[in-house]
Protein chains: 2
Amino acid sequence: MEGKKILIVDDEEDILEMLAYNFNKEGLRVSKAANGAEAIETAEKTRPDIILLDVMLPDMDGISVCETLRKKPAFKNTLILFLSARGEDYSQVAGYNAGADDYIVKPIRIKILMHKVKVLLDRVAVPAAESLTGISINPERFSISMNGKETIIPKKEFELLSLLMSVPHKVFRREEILNDVWGDTYIGDRTIDVHIRKLREKFGSDVIQTVKGVGYKFMG
Amino acid sequence: MEGKKILIVDDEEDILEMLAYNFNKEGLRVSKAANGAEAIETAEKTRPDIILLDVMLPDMDGISVCETLRKKPAFKNTLILFLSARGEDYSQVAGYNAGADDYIVKPIRIKILMHKVKVLLDRVAVPAAESLTGISINPERFSISMNGKETIIPKKEFELLSLLMSVPHKVFRREEILNDVWGDTYIGDRTIDVHIRKLREKFGSDVIQTVKGVGYKFMG
DNA sequence: GTCAATATTAATTTAATGTTAACCACAATT
DNA sequence: AATTGTGGTTAACATTAAATTAATATTGAC
């Protein structure tokens, strides 16, 4: 798990430092945040592989932070692990509903926590370096580079391509695409196709492959 | 997570039944075991995707069961989730060391447990055990790899081959195949043959063997 | 050798996706 | 304010891959 990035969010200075110290010692690149707004901002900036998120924060609660992040395609596959003092069920369930990958009840047993983080990080697919297609993505600029040439593409196209590229070769089901790119707004079936078509127009018809009856995949 | 296989191991009849009922309702294919020996035997037979394993069993403890399974290549990537009444750290750490993917402390909150199982099952990109035939299956990609070459195959063919490969060497009766792959939709007898043929065309005629009057088997 | 089961092949049907153009909302430009 | 441009969605229709069936040949158990 060396070299992976972790973001730790907790308003208690002591805990924050203790965790940061331990994970840093394990070779992770640690960033920190003490409240929800800061957490989202830092997450955008550092793109961590995993986020430890305290449920109770001074400004907004961790659940909301998690939900906010999960809406962005970039954080679709980021691991999020809740830390909480509350033992109540509803909180845990709410956490999982918000898209958590795990839930740890305080007081934190550092060994167990590190184990969980390790297990989770090990499982995550490696983000795949430069792709064979010569296509790479620039999240800050909403742009795509293809063999060095940079193209700015519309938001929806960008989100769709980001999603597909997040796990090259994985087949994303239409349903999954709808959820991740369009969320709650309901759109017709053909809308996805049209966006796929536009992407193929721009980057070649080989980069996205159709799996009939299932969905689409990016050919890393 | 529909269609995935779960093995539940617990010596308490009530808990076993309760869990089986709930997971069955969610569309998982459930098998059960009440002790360690039975657990290993059933695991071999059904090749579950995930195992819920009580730490305390009448014959051997769950940790040993887990270690035993993890030694076999077939279970290298099977998810194993411990259930335990003990709250002590050492037990949890021992669990993780034995190769557990998660650890739940009783009393079981069914909602939380189901969430964990769901998250785990969703995330796993089964790297697929290499078989003797050199054929392996990539569920995420809807593809089959044969000696390193990857082929995307149509949905029905994929489902059929997945089924046969789920328990190599087991003869699947036509009736069973109909149920698992086609569910409620009724199709003629020849349809199965045709799909088998297409698979043989793609991967060689040796990989699937006919057992006349009964069904087909994958030659793991 | 007979007969039922399966293999094979091609033809057909079905369902999913591709394509195009039109439309609307909204932002940018003059 | 009117005009133009851009992005997003939809609808109608075309196209294609996949699934199924149907017809015929072959196989293997008895």
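Conventions adopted
Residues numbered from 1 in each chain as written. Chains lettered and ligands numbered in written order. Predicted model: local features only at pLDDT ≥ 70, side-chain atom pairs only at ≥ 80, totals over all residues. Heavy atoms only, no water. Helix = DSSP H or I, 4+ residues; strand = E, 2+ residues; numbered from the N terminus. Buried < 20%, exposed > 50% of the residue type's maximum accessible area, 1.4 Å probe, protein only. Near = heavy atom within 4 Å. Polar contact = N/O pair within 3.5 Å; in protein donor to acceptor, adjacent residues only side chain to side chain. Nonpolar A, V, L, I, M, F, W, Y, C, P; charged D, E, K, R; others polar. Salt bridge = Lys/Arg side-chain N within 4 Å of Asp/Glu carboxyl O. Core = buried A, V, L, I, M, F, W, Y, C linked by side-chain atoms within 4.5 Å. Contact = heavy atoms within 4.5 Å.

Draft legend 1. Structural context of unusual backbone geometry. All names here are of chain B. Phi is positive for Arg47, close to 50°, though the residue is something other than glycine. One can find Arg47 in the loop between α2 (36–46) and β3 (50–54). Arg47 sits in the partly exposed class, given a relative accessible area of 29%. Unlike most non-glycine residues, Phe142 shows phi in positive territory, near 55°. Examined against the element boundaries, Phe142 turns out to sit in the loop between β6 (135–138) and β7 (143–146).

Draft legend 2. The arrangement of the protein's contact with DNA strand C in detail. Lining the immediate environment of DNA strand C, one finds 21 residues, of which Arg197, Arg200 and Tyr216 of chain A together with Arg197 and Thr210 of chain B sit closest. Within the side chain of Arg197 of chain B, one N or O atom sits 2.3 Å away from a phosphate oxygen of DNA strand C. Contact distances for DNA strand C include 2.6 Å between a phosphate oxygen and a side-chain N or O atom of Thr210 of chain B. Of all the secondary structure elements, the ones that give two or more residues to the surface near DNA strand C are α8 (189–203) of chain A together with α8 (189–203) of chain B. Across the surface near DNA strand C, the residue classes tally to five nonpolar, four polar and twelve charged.

Draft legend 3. Region of interest: the pattern of salt bridges. Residues and elements named next belong to chain A. Across all of its chains, the model carries 24 salt bridges over all chains by this definition. Residue Asp102 pairs with Lys116 through a salt bridge whose shortest N-O separation is 3.3 Å. With Asp102 in strand β5 (residues 102–105) and Lys116 in helix α5 (residues 110–123), the pair connects residues that are 14 residues apart, well separated along the chain.

Draft legend 4. Representation of the nonpolar core in the model. Ranked by internal contacts, the top residues of the largest apolar core, which has 27 residues, are Ile144, Leu161, Leu164, Ile177, Phe203 and Ile208 of chain B. Where this core is concerned, the elements lending two or more residues are β6, α6 (155–166), α7 (174–182), α8 and β11 (215–218) of chain B. When neighbours within four sequence positions are excluded, Phe203 of chain B is seen to be in contact with Ile135, Ile144, Met146, Thr151, Ile153 and Leu161 of chain B. Among the nonpolar cores identified, the runner-up in size contains 23 residues, and Ala39, Ala43, Tyr96 and Ala98 of chain A belong to it.

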